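# Reading the structure
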Amino acid sequence: MKWMLVLLVFLSACGETSKKKFSPNQESDMGVEDADVAQMDAAQADASVDSSADDGSVEATPCAILRDVDVDFEDVLVGDSATKIVRVENCSDTLPLTINLSALAPLSLLGDTQVQPGEVGEIQIVFAPTLAGEFTTQLPIQTSAGPLVVSVVGFGVEPDVLCPTARIAAGIGGALATTTPLVVPTGSIVGFSGTLSTARQGTIATYAWSIVSRPVGNTVMFSGSNTAPEVELLTETAGNYVVELTVRDSLGVVSCAPARLTVQAVDGPAKRFRVTLLWDTPSDVNPNDSIGTDLDLHYLHPMGRWNQAPYDVFWRNPTATWAVDSVPELTIDDTDGAGPEEVQHDAPIGPLVYQVAVYYYADKGFGASYATVSVFVDGVMTFQTQPQLMVNEETFWLPVTIDGATSAVTATNAPVQLGFPSP
């Protein structure tokens, strides 16, 4: 689908805190079609770079700061238009900033082509859809300092169509945004919200979430019901997770089109061992609210006793220093349904064998739950259990052991029992 965007540039005084800054090396040859524009590294985007002459003096270079990186037009009738503003600051002390006003439909650029040193260009972005449906793009605004990228989202709606609009916001730790792709570290718990969805008649009545694409070999699902307004997903492995949302309004009309958002999980320095626990409680219809079952992950040193510090790592003993270079840690603790819980161990002591267990701490009236344990070695998932039935509170399950010397993960085939094992 091709589109057109109108961009009007007006100048105003400079003086607000910057969000993105770009000043390339003078020999840079990046163009509009540069495939890396949409994936610009945040560290590079936040830096202002000046080149130096051979004699050590500083050469004047163009410098630009993009203050508004996300633009959401929401619903716009086909044949109509809507306007948003982004601002570009010329952060050079001496050189004017040149803007190349070119784009593809429904995006086009129109307005002044220069911003003087120390001034700000206010750029009006006009979204004029000619077709119904969702429009999402990473729009590169070419300048003499290099490309500045604006995430643009809009939805063209036929005038006589009253279907609701599905919208997804996602993020970590409650900080949600509509930007796609959302880049997160591998192993993150990503929250998704559909509450920004809008109804043209009545109200939003139902939500239906699905994972339409994921990294090869990955089987993780949403923690909780996929019909809740908000869901969570653990990015167990690196790669892209494409999440889709369909909504219906209170009159039963389905959304004009499903909304999609991509989460890109990227690997940082991998911990030696990472163990995760997820669980599903059939009678808990909304495990993402503040009331839900509580299962605990335990990670035991061979000298330890279950449920006791210092050798059992769990919620009461989240960080246990067994040696100077071996610090296992409970990095995620969940107490109200579905998980995940996570233990990471960066420098396991060989040849010790560590035990991994699950304890059903509190059912809160919801009854039986099914627990799944996954083990990652050097960032790669090497073992995952089948869902194990935990019938009620105070049940204990020992699914695997991990050899600190060989990194071998071994299934114990131990049955679920009542209470912690005796020493």
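In the block above lies the structure referred to throughout.
The notes below deal with the structure included here. Worth saying up front: this structure is predicted, and the values here are computed from it rather than measured. Residue positions are given per chain, counted from 1 along the sequence in the order it is written. pLDDT decides what is reported in this predicted model: residues at 70 or higher carry local features, side-chain atom pairs at 80 or more are listed and counted, and totals for whole chains, interfaces and linings draw on all residues regardless. Processing note: side-chain calculations cover all non-hydrogen atoms of the structure and skip hydrogens and water entirely.

### Topic: empty space enclosed by the protein
Residues are said to line a cavity or pocket when one of their atoms sits within 4 Å of a point; the points come from a 1 Å grid over protein atoms alone, cavities being sets where a 1.4 Å probe fits but cannot get out and pockets being open sets with protein on both sides within 12 Å along at least five of seven lines. Grid points are joined across faces, edges and corners, and a volume is the space filled by probe spheres set on the points. Taken as a whole, this structure holds two cavities of 30 Å³ or more when the rule is applied. In this structure, the largest cavity occupies an estimated 110 Å³ of space. Along its surface, the largest cavity is lined by Asp72, Glu134, Thr136, Val153, Arg167, Ile168, Thr178, Thr180, Ala259, Arg260 and Leu261. Think of it this way: any DSSP run of H or I at least four residues long counts as a helix, any run of E at least two long counts as a strand, and we number them from the N terminus. Per element, the largest residue contribution to the lining of the largest cavity is three residues, and it comes from strand β18 (residues 259-266). Classification used: nonpolar for Ala, Val, Leu, Ile, Met, Phe, Trp, Tyr, Cys and Pro, charged for Asp, Glu, Lys and Arg, polar for all others including Gly. Across the lining of the largest cavity, the residue classes tally to four nonpolar, three polar and four charged. In this structure, the second largest cavity encloses a volume near 30 Å³. Lining the second largest cavity are Ile189, Val220, Met221, Ser223, Glu232, Leu233, Leu234, Leu278, Gly339 and Pro340. Ranked by the residues each element gives to the lining of the second largest cavity, the list is headed by strand β16 (residues 230-234), at three residues.

### Here's the deal with the packing of aromatic side chains
Each aromatic pair joins two rings of Phe, Tyr and Trp (for Trp, the six-membered one) with centres within 6.5 Å, and gets the label stacked for planes under 30 degrees apart, edge-to-face for over 60, and tilted for any other angle. Applying the stated rule across the entire model yields 11 aromatic pairs. With a centroid separation of 5.2 Å and 35° between ring planes, the pair formed by phenylalanine 73 and phenylalanine 127 is classed as tilted. Of this pair, phenylalanine 73 sits in strand β4 (residues 70-77) while phenylalanine 127 sits in strand β8 (residues 119-127), and the two are 54 residues apart along the sequence. Using a 1.4 Å probe on the protein chains alone, a residue whose accessible area is under 20% of its type maximum counts as buried, one over 50% counts as exposed, and one in between counts as partly exposed. Look at phenylalanine 73 and you get buried, because its relative accessible area is 5%. You can call phenylalanine 127 buried: its relative accessible area is 0%. An angle of 75° between the planes, with centres 5.6 Å apart, marks the rings of tryptophan 315 and tyrosine 361 as edge-to-face. Of this pair, tryptophan 315 sits in the loop between β21 (312-313) and β22 (329-332) while tyrosine 361 sits in strand β24 (residues 353-362); the two residues are 46 residues apart in sequence, bridging distant segments of the chain.

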